[in-house]
Amino acid sequence: MGYIGSHGVAALHKYKYSGVDHSYVAKYVLQPFWSRCVNFFPLWMPPNMITLMGFMFLVTSALLGYIYSPRLDSPPPRWVHFAHGLLLFLYQTFDAVDGKQARRTNSSSPLGELFDHGCDALACAFETMAFGSTAMCGRSSFWFWVISAVPFYCATWEHFFTNTLILPAINGPTEGLMLIYFCHFFTAIVGICLLPEVLNGGRKNLESQCPFSAGCHWYMEIPTNTVVLFIMIVFCVIPTVSFNVYNVYKVVQARKGSMLLALAMLYPFVVLMGGVLAWDYLSPSDIMGNYPHLVILGTGLAFGFLVMHIRNMVECLFPHGINVLSQSYSLPGMRMGRMILAHLCDEPKGLKTGMCMSLLYLPFAIANALTARLNDGVPLVDESLVLLGYCVFTVGLYLHFATSVVHEITSALGIYCFRITRKEA
């Protein structure tokens, strides 16, 4: 049985993307730049190829981070920081240009949105590995992945209810990525060894300007990456998530639905986070400290699989149809909105094997870590092998989903994934 049901196939032919970007930087600075950039791509180049090329920039960046900083706690050469920044800038550019290329070649399709969304979901993990090497975050790198994954998941959740992807005036895809690649470039200029001195110098200057803080030296001992993490949570994550929740609340209230049922759609991500944190807590090998790349990669792929199945979540929460929340949720627009991720399964069975499959490995990993408590700190299976298995499992799961859905959509619409020409009837 495929991922897309008969209703989904019919909706594919009617689906139209809807998005709003309120960013002033994007509107007045980046959009004009992207509009010029698209002219450098030939008309025969398919938009999905541009998307894939942009994604491979981040994969390359993550590989550089792994080669020069295996545990994300040692300084790579300065040129690596510059490469991280340049590759992220190119990813952002290609991610914006692919849609313009689709409209330019009249080849827009639901497949393009799925392909773009799927790459963006994985981009959270790969850029975290690059940023972790620049900031030498070590085991804290995982938390930088969390603060990128939470807004992404909530934005996808909001998209389902509003049927429109709404980006606020300050958002992750624009200002967030700009902040990160400027951090890469800044580190390449001043050097990773001088960076803490520069930032701590700013703290000392603050102390001289604020006499009442002269006796509070505790904040000088807080790691710089922890300060950055806190600032990003307070000024970026919390406002963005609050914006998502507020928009969903307005839709649910307008249709006299249940906000609790809407919030219940977030539980798979909570389960994923709880499982990984429990595994790390019980781990005798400090998996986040010794194998940060494997933890972030495996969890990032599991996260991508969850995001791509968020619409299937609705079929389980509302087995009698989406109009359990309100009759308005059964409108064709909402039904087509679920096809953004192209995984409308009509049977509850599809949800169980879809949503829960990405979480299936964690109980085994946690159980293996628990055996170390009963065996003098030695787990039944070496945790490096367990982590490798985690990555292999999530890679296989994600690839199976991606290839299956791409095949189903191309067959339903009579198009190719990496060609602009249509299939012959």
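None of these values were measured; they are calculated from a predicted model. (Residues numbered from 1 in each chain as written. Predicted model: local features only at pLDDT ≥ 70, side-chain atom pairs only at ≥ 80, totals over all residues. Heavy atoms only, no water.)

Caption draft 1: View of the packing of aromatic side chains. Scanning the model with the defined rule gives 25 aromatic pairs in all. Note on Tyr 153 and Phe 269: the rings are 5.3 Å apart at their centroids and 25° apart in plane angle, and the pair reads as stacked. Residue Tyr 153 is located in helix H6 (residues 141-162), and its partner Phe 269 is located in helix H11 (residues 267-282); the two are separated by 116 residues in the primary sequence. Look at Tyr 153 and you get buried, because its relative accessible area is 2%. Its relative accessible area of 9% is what places Phe 269 among the buried residues. On the basis of an interplanar angle of 80° and a centroid distance of 5.7 Å, the ring pair of Phe 305 and Phe 401 is categorised as edge-to-face. Taken together, the residues Phe 305 in helix H13 (residues 292-308) and Phe 401 in helix H18 (residues 383-413) connect sequence positions 96 residues apart. (Phe/Tyr/Trp six-rings, centres within 6.5 Å; stacked < 30°, edge-to-face > 60°. Helix = DSSP H or I, 4+ residues; strand = E, 2+ residues; numbered from the N terminus. Buried < 20%, exposed > 50% of the residue type's maximum accessible area, 1.4 Å probe, protein only.)

Caption draft 2: Looking closely at the environment of Asp 73. Residue placement: Asp 73 occurs in the loop between helix H3 (47-68) and helix H4 (78-104). For the pair Asp 73 and Ser 141, spaced 68 residues apart in sequence, the C-alpha to C-alpha distance is 9.5 Å.

Caption draft 3: Summary view of the confidence of the model for the chain. Averaged over all residues, the pLDDT of the chain equals 81, while 79% of them reach at least 70. Predicted confidence in the chain is weakest over helix H15 (residues 332-337), with a mean pLDDT of 33, and strongest over H3, with 96. This stretch, residues 311-353, has a pLDDT under 50; its non-local contacts, to residues over four places away or in other chains, come to 111 contacts. (pLDDT = per-residue confidence, 0-100. Contact = heavy atoms within 4.5 Å.)

Caption draft 4: View of the nonpolar core. Within the largest apolar cluster, 102 residues are counted, with the highest numbers of intra-cluster contacts made by Phe 142, Trp 145, Phe 161, Leu 272, Trp 279, Phe 303 and Tyr 390. Looking at this core element by element, the count peaks at 13 residues for H6. If sequence neighbours within four positions are ignored, Phe 303 has contacts with Ala 121, Trp 145, Ala 149, Phe 152, Tyr 153, Phe 269 and Leu 272. (Core = buried A, V, L, I, M, F, W, Y, C linked by side-chain atoms within 4.5 Å.)

Caption draft 5: Geometry of H4. Compared with the 39 Å implied by 1.5 Å per residue over 27 residues, the 39 Å span of H4 between its first and last C-alpha is a close match. Its maximal kink placed at Val 97, H4 deviates by approximately 25°. Just past H4, the residue Asn 106 takes up positive phi, approximately 55°. (Expected span 1.5 Å × (residues − 1). Bend = angle between axes of the 7 residues up to and from the residue.)

Caption draft 6: A look at the packing of H11 against helix H17 (residues 361-374). Where H11 contacts H17, the axes come no closer than 9 Å and their chain directions differ by 20°. On the basis of the axis angle, H11 is roughly parallel to H17. The element H11 and its partner H17 pack so that their crossing is left-handed. From H11, Leu 272, Gly 275, Val 276, Ala 278, Trp 279, Tyr 281 and Leu 282 reach across to H17, where they touch Leu 362, Ala 365, Ile 366, Ala 369, Leu 370 and Arg 373. Tallied by class, the residues present in the contact of H11 with H17 amount to 11 nonpolar, one polar and one charged. (Axes fitted to C-alpha atoms, helices over the stretch in contact; angles between N-to-C directions. Parallel < 35°, antiparallel > 145°, perpendicular 65-115°, else oblique. Left-handed = near helix turned anticlockwise from the far one by under 90°. Nonpolar A, V, L, I, M, F, W, Y, C, P; charged D, E, K, R; others polar.)

Caption draft 7: Seen up close, unusual backbone geometry. Here Lys 256, not a glycine, exhibits a phi torsion of approximately 55°, which is positive. The phi torsion at Asp 376 lies on the positive side, around 55°, for a residue other than glycine. Here Asp 376 lies in the loop between H17 and H18.

Caption draft 8: Local environment of the environment of Leu 43. Tracing the sequence through the fold places Leu 43 in the loop between helix H2 (24-37) and H3. Relative accessible area serves as the criterion here: at 52%, Leu 43 is assigned to the exposed category. Sequence-wise, Leu 43 and Ala 102 are 59 residues apart; in three dimensions their C-alpha atoms are separated by 9.6 Å. With residues near it in sequence (within four places) discarded, Leu 43 still touches Gln 101, Arg 104, Thr 105 and Ile 420.

Caption draft 9: Spotlight on the side chain of Ser 69. Mapped onto the secondary structure, Ser 69 falls in the loop between H3 and H4. A distance of 3.0 Å separates the side chain of Ser 69 from the backbone oxygen of Ser 74, its partner in a polar contact. Dropping the residues within four chain positions of it, Ser 69 is found in contact with Ser 74, Ser 133 and His 293. (Polar contact = N/O pair within 3.5 Å; in protein donor to acceptor, adjacent residues only side chain to side chain.)

Caption draft 10: Spotlight on the packing of H3 against helix H5 (residues 110-135). Interhelical geometry of H3 versus H5 gives an angle of 15° and a closest axis separation of 8 Å. What the angle tells us is that H3 and H5 run roughly parallel. Like other packed secondary-structure pairs, H3 and H5 cross with a definite hand, here left-handed. Here Asn 48, Thr 51, Leu 52, Phe 55, Leu 58, Val 59, Ser 61, Ala 62 and Gly 65 of H3 lie close against H5, whose contacting residues are Leu 111, Gly 112, Phe 115, Asp 116, Cys 119, Leu 122, Ala 123, Phe 126, Glu 127, Met 129, Ala 130 and Ser 133. Classifying every residue of the contact of H3 with H5 gives 13 nonpolar, six polar and two charged.

Caption draft 11: Representation of H13. In a regular helix each residue adds 1.5 Å, so 17 residues correspond to 24 Å; H13 covers 24 Å between its end C-alpha atoms and thus fits that length. For H13, the buried fraction is high: 16 of the 17 residues fall into the buried class.

Caption draft 12: Seen up close, the side chain of Ser 358. Mapped onto the fold, Ser 358 is located in the loop between helix H16 (348-355) and H17. Assessed through its relative accessible area of 0%, Ser 358 is described here as buried. Those residues within four positions of Ser 358 in sequence are excluded, and the remaining contacts are Ala 302, Phe 305, Leu 306 and Leu 397.

Caption draft 13: Fine view of the pattern of salt bridges. Enumeration according to the criterion identifies two salt bridges in this entry. In this structure, Asp 280 engages Arg 139 in a salt bridge whose closest nitrogen and oxygen atoms are separated by 3.0 Å. Residue Asp 280 is found in helix H11, and its partner Arg 139 is found in the loop between H5 and H6; the two are separated by 141 residues along the sequence. According to the relative accessible area criterion, Asp 280 is buried, its value standing at 13%. Overall, the relative accessible area of 35% leaves Arg 139 in the partly exposed class. Salt-bridge contacts for Arg 139 lead to Asp 286; the nearest nitrogen and oxygen are separated by 2.7 Å. (Salt bridge = Lys/Arg side-chain N within 4 Å of Asp/Glu carboxyl O.)

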